[in-house]
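# Chain and residue survey
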Amino acid sequence: MSQFDLTEFDRITSSVPVISPFQAMWNEAEEMLRDTHPEGFEVEEIGRIAFDSLPEDEKAEALDCLFYTFWSAVMADRETRARHEAAGGAA
């Protein structure tokens, strides 16, 4: 059996999504806000509740995730603008 052969356990669990502690807290905060504020809420509220709910030892990784996500959005925006300008669109 090579290192790339999957065991039955690997085959079963390979399709299970991996959720970070921050994602789990985010999901919980969003659900709580939907229940307690059916009139609506700001996305920042979800993030603050989720981040504040994390154990201290998980916060650095959550910040790294947020920074990476923000940077990815900035880069995607720049690429979209560059394609738009290259196609002759207004800046």
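Anyway, here's the lowdown on the structure attached to this text. Values in this document were obtained by computation on a predicted structure and should not be read as measured data. (Residues numbered from 1 in each chain as written. Predicted model: local features only at pLDDT ≥ 70, side-chain atom pairs only at ≥ 80, totals over all residues. Heavy atoms only, no water.)

### Some thoughts on helix α2 (residues 21-36)
Basically, it comes down to this: Numbering of helices and strands starts at the N terminus; helices are DSSP runs of H or I of at least 4 residues and strands are runs of E of at least 2. Expected helix span is taken as 1.5 Å per residue step, with the number of steps being one fewer than the number of residues. Only protein chains enter the area calculation, which uses a 1.4 Å probe; residues under 20% of their type maximum are buried, those over 50% are exposed, and those in between are partly exposed. The arc refers to the directions leading from the helix axis to the C-beta atoms.
Between its first and last C-alpha, α2 extends 22 Å over 16 residues, near the 22 Å set by a 1.5 Å rise per residue. Regarding α2, the residues found buried are Phe22, Met25, Ala29 and Leu33. Viewed along the axis of α2, the buried residues span an arc of 70°, placing them on a single side of the element. Across from the buried face of α2, at angles greater than 90 degrees, the exposed residues are Glu28, Glu31, Arg34 and Asp35.

### Focus: a nonpolar patch on the surface
Defined as follows: Residues enter a patch when their relative accessible area is above 30% and they make no salt bridge; the linking distance is 9 Å between like charges and 5 Å between nonpolar side chains (Val, Leu, Ile, Met, Phe, Trp, Tyr). For every accessible area listed, the method is Shrake-Rupley and the probe measures 1.4 Å; residues are considered covered only by the protein chains on display. Any Lys or Arg side-chain nitrogen located within 4 Å of an Asp or Glu carboxyl oxygen qualifies as a salt bridge.
Nonpolar side chains collect at one region of the surface, where Leu63, Leu66 and Phe67 lie side by side and expose about 270 Å² of accessible area between them. Secondary-structure assignment places phenylalanine 67 in helix α4 (residues 56-86). You can call phenylalanine 67 exposed: its relative accessible area is 54%.

### Here's the deal with the pattern of salt bridges
By the definition in use, this model includes four salt bridges. Salt-bridge contacts for arginine 34 lead to glutamate 30; the nearest nitrogen and oxygen are separated by 2.6 Å. Residue arginine 34 and its partner glutamate 30 are located together in helix α2, separated by four residues, close to a single helical turn. Taking relative accessible area as the criterion, arginine 34 reaches 52% and is therefore assigned exposed. Glutamate 30 gets classed as partly exposed once you look at its relative accessible area, which sits at 22%. In this structure, the salt-bridge partner of aspartate 77 is arginine 81, at a minimum N-O distance of 2.9 Å. One end of the pair is aspartate 77 and the other is arginine 81, both in helix α4 and four residues apart, which spans about a single turn. Among the residues examined, aspartate 77 registers a relative accessible area of 36% and is labelled partly exposed.

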